[in-house]
Amino acid sequence: MTTKESKHLLRKEMQYKLHSLSGEAKGEASLIITEKIHSLNYFKKCSIIYGFIPMSGEPNLAPLYDLALKEGKAVAFPVCSPSMEMSYHLVEADWRSHLVKSAYGNYEVHSGNVAQLDIGECALILVPGLAFTLKGERLGRSMGFFDRFLAQRLSNCPAVGVCFSIQILESLPTEKHDSLVDLVISETL
């Protein structure tokens, strides 16, 4: 079996596992994850959060984004283009009212200016995925948006993988273009 085939099967397995979690369990775990990220030194030191709007089965970090905005941090969410590029758009406190369903089935915010990674700015990148290892390996949804973005990040921009504990595996099939995260956070890690 090729690595690509292994990834495909693992994606299906992980999506099944995620759909088996109740909404209540996801909500409780999401609040714990929010608290853990909020207490990280990475979070305390950063001036901008590169977050994500959750797809089905991903932790909901909306309370974290609200806290960050109240604390004077900038918050930006990804927007994926048909040309397979991902940019981040800065948002204001009313970001929920600007959600639009994309061609990929996820929600995006199209209201803010495009955020640029700045060498002098300390940023925190929050990264979703279907599975992670404690070594920072990540299995995405197969489009490569986050891998391409992470490959160009600056050294002052740590990437934190965000997931539920059932998404943490001992190993993952990987390819050379797969980008690592610096830390993985779940409700139990």
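As shown above, the structure is provided for reference.
### Some thoughts on the pairing of strand 10 (residues 159-162)
Here's step 1: Of the two faces of strand 10, the one holding A159 and G161 and the one holding V160 and V162 are both buried throughout.
Here's step 2: The sheet contact formed by strand 7 (residues 123-127) and strand 10 spans 3 bridges and is parallel. When the bridges of strand 10 are listed, I125 appears paired with A159.
Here's step 3: For strand 10 and strand 11 (residues 183-185), the ladder comprises 3 bridges, and the chain directions are parallel. Paired with G161 across the bridge in strand 11 is V184.

### Here we look at the nonpolar core
Here's step 1: Membership of the largest hydrophobic core comes to 52 residues, with the highest contact counts inside it found for I37, I49, L61, Y65, I125 and L126.
Here's step 2: The leading source of residues in this core is strand 7, at 5 residues.
Here's step 3: Dropping the residues within four chain positions of it, I37 is found in contact with F43, L61, L64, L124, L126, V162 and I185.

Here is what the cut-offs are and how they apply
- Residues numbered from 1 in each chain as written.
- Predicted model: local features only at pLDDT ≥ 70, side-chain atom pairs only at ≥ 80, totals over all residues.
- Heavy atoms only, no water.
- Buried < 20%, exposed > 50% of the residue type's maximum accessible area, 1.4 Å probe, protein only.
- Helix = DSSP H or I, 4+ residues; strand = E, 2+ residues; numbered from the N terminus.
- Pairing = 2+ DSSP bridges.
- Core = buried A, V, L, I, M, F, W, Y, C linked by side-chain atoms within 4.5 Å.
- Contact = heavy atoms within 4.5 Å.

That's the geometry; what it means functionally is another story.
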